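# Analysis of the macromolecular model
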Amino acid sequence: MGWFKDWKEKRKLNKYMKRTPEEEYAIYKRRLLSGETETSARGGLKHIKKK
């Protein structure tokens, strides 16, 4: 089962690395509109600048 879990995590990481800044901004904007704080909305998004 260990190899499957590793494969699954690697697949998630590759998907995360392929996001464009525009996609990340759309995710950030959607999170803010749903009522999250700015800090939590930025979580996991590498292209959104921290203030």
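Structure: above.
These lines cover the structure that appears in this document, whether it is placed above or below. (Residues numbered from 1 in each chain as written. Predicted model: local features only at pLDDT ≥ 70, side-chain atom pairs only at ≥ 80, totals over all residues. Heavy atoms only, no water.)

### Structural notes on the nonpolar core
In this structure, Ile27, Tyr28, Ala41, Leu45 and Ile48 together form the largest nonpolar core, which totals five residues. When residues no more than four places from it in sequence are discounted, the contact partners of Leu45 are Arg19, Glu24, Ile27, Tyr28 and Arg31. (Core = buried A, V, L, I, M, F, W, Y, C linked by side-chain atoms within 4.5 Å. Buried < 20%, exposed > 50% of the residue type's maximum accessible area, 1.4 Å probe, protein only. Contact = heavy atoms within 4.5 Å.)

### Some words on the environment of Ile48
Tracing the sequence through the fold places Ile48 in the segment after α3 (38-42). Sequence separation between Ile48 and Tyr28 is 20 residues, and the spatial gap between their C-alpha atoms is 8.0 Å. (Helix = DSSP H or I, 4+ residues; strand = E, 2+ residues; numbered from the N terminus.)

### Points about the pattern of salt bridges
Tallying each qualifying case throughout the model produces one salt bridge. Residues Glu38 and Arg42 are paired through a salt bridge, measuring 3.8 Å at the closest nitrogen-oxygen approach. You can see Glu38 and its partner Arg42 sitting in helix α3, four residues apart, about one turn around the helix. For Arg42, a relative accessible area of 16% gives the class buried. (Salt bridge = Lys/Arg side-chain N within 4 Å of Asp/Glu carboxyl O.)

### Let's talk about the packing of aromatic side chains
One pass over the full model with this rule turns up three aromatic pairs. Ring geometry for Trp3 and Phe4: centres 6.0 Å apart, planes at 85 degrees, overall edge-to-face. When its relative accessible area of 64% is taken as the criterion, Trp3 is described as exposed. Residue classification places Phe4 among the partly exposed residues on the basis of a relative accessible area of 37%. On the basis of an interplanar angle of 40 degrees and a centroid distance of 6.3 Å, the ring pair of Tyr25 and Tyr28 is categorised as tilted. Residue Tyr25 and its partner Tyr28 are located together in helix α2 (residues 21-33), separated by three residues, close to a single helical turn. Clustering of aromatic rings is evident, with ring pairs tying together Trp3, Phe4 and Trp7. (Phe/Tyr/Trp six-rings, centres within 6.5 Å; stacked < 30°, edge-to-face > 60°.)

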